[in-house]
Amino acid sequence: MEHQLVRIINILQKLNPLCQNVITKDEIEECIENIGDFRMLMKELDELLERLESRNEFDRDEIEKDLFELHRILTTLEWHFSEVGEINEKILKHF
């Protein structure tokens, strides 16, 4: 998914001049910087899923802790997609 986000950002960056540069350089740079955070988040998600899948004992406290962590990761992923979606909307409105 990281690769696809990079491709989307690159495409939007190419389209930006056709829309009177509605997206600022800072916005694009922030999106690019966020890719590193996204990469780390996906690694955390993989580790968490592996831990949940390989669990042989079901300690309620540990599972609850992991489920809260899963929630944190999912909401942060939503935020990353939302940020790129907002840039897409700006481009679309001015295209």
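Parameters at a glance
Residues numbered from 1 in each chain as written. Predicted model: local features only at pLDDT ≥ 70, side-chain atom pairs only at ≥ 80, totals over all residues. Heavy atoms only, no water. Helix = DSSP H or I, 4+ residues; strand = E, 2+ residues; numbered from the N terminus. Rg over C-alpha atoms; globule rule 2.2 N^0.38 Å. Buried < 20%, exposed > 50% of the residue type's maximum accessible area, 1.4 Å probe, protein only. Contact = heavy atoms within 4.5 Å. Areas by Shrake-Rupley, 256 points an atom, 1.4 Å probe, with all protein chains shown as cover. Lys, Arg positive; Asp, Glu negative; His and termini not counted. Charge placed at Lys NZ, Arg CZ, Asp CG, Glu CD. Salt bridge = Lys/Arg side-chain N within 4 Å of Asp/Glu carboxyl O. Phe/Tyr/Trp six-rings, centres within 6.5 Å; stacked < 30°, edge-to-face > 60°. Patch = residues over 30% accessible without salt bridge, like charges linked within 9 Å, V, L, I, M, F, W, Y side chains within 5 Å.

Asks: Just to check I follow, could you spell out the overall build of the chain for this structure?
Replies: A tally of helices and strands in the chain yields three helices and zero strands. For the chain, the N- to C-terminal ordering of α and β elements is α-α-α. Against the compact-globule benchmark of 12 Å for 95 residues, the chain has a radius of gyration of 17 Å, which places it well outside the compact range. Along the three orthogonal principal directions, the C-alpha set of the chain runs to about 60 × 20 × 20 Å. Expressed as a percentage of its 95 residues, the buried residues of the chain come to 23%. Of the contacts made within the chain by residues no fewer than 6 positions apart, 79% connect residues no fewer than 24 positions apart. Put simply, the chain shows about 7,100 Å² of open surface, and 54% of that area lies on carbon and sulfur atoms. Charge centroids of the chain, computed over 12 positive and 23 negative side chains, lie 5 Å from each other.

Asks: When you look at unusual backbone geometry in this model, what are you seeing that I'm missing?
Replies: Peptide bonds are, in most cases, trans, and in most cases residues other than glycine have a negative phi. Non-glycine residue Gln20 carries a positive phi angle of around 55 degrees. By the element assignment, Gln20 lies in the loop between helix 1 (2-15) and helix 2 (25-53). Judged by relative accessible area, which is 63%, Gln20 ranks as exposed. A positive phi is found at Asn21, a non-glycine position, where the angle reads about 50 degrees.

Asks: Any chance you could explain the pattern of salt bridges here in plain terms?
Replies: Where charged atoms from two side chains of opposite charge approach closely, those side chains can pair. In the structure shown here, the tally under the stated rule is eight salt bridges. In this structure, the salt-bridge partner of Glu29 is Lys25, at a minimum N-O distance of 3.9 Å. Separated by four residues within a single helix, Glu29 and Lys25 lie in helix 2, roughly one turn from each other. Relative accessible area serves as the criterion here: at 34%, Glu29 is assigned to the partly exposed category. One salt bridge in this structure joins Lys43 and Glu47, with 3.9 Å as the shortest N-O distance. Of this pair, Lys43 and Glu47 both sit in helix 2, four residues apart, roughly one helical turn. By relative accessible area, Glu47 is classed as partly exposed at 44%. Overlapping salt bridges, with partners in common, bring together Glu44, Glu69 and Arg72 in one network.

Asks: Help me out: how do you make sense of the packing of aromatic side chains in this one?
Replies: Where two aromatic rings form a pair, the distance of their centres and the angle of their planes describe that pair. Evaluated as defined, the whole model comprises one aromatic pair. Judged by centre distance (5.8 Å) and plane angle (80 degrees), the ring pair of Phe38 and Phe81 falls under edge-to-face. Here the residue Phe38 occupies a position in helix 2, and Phe81 occupies one in helix 3 (residues 60-94), the gap between them amounting to 43 residues.

Asks: I tried to follow a negative patch on the surface on my own but got confused; where do I start?
Replies: On the surface, Glu57, Asp59, Asp61, Glu62 and Glu64 cluster together to form a negatively charged patch. The exposure class assigned to Asp61 is exposed, which follows from its relative accessible area of 58%.

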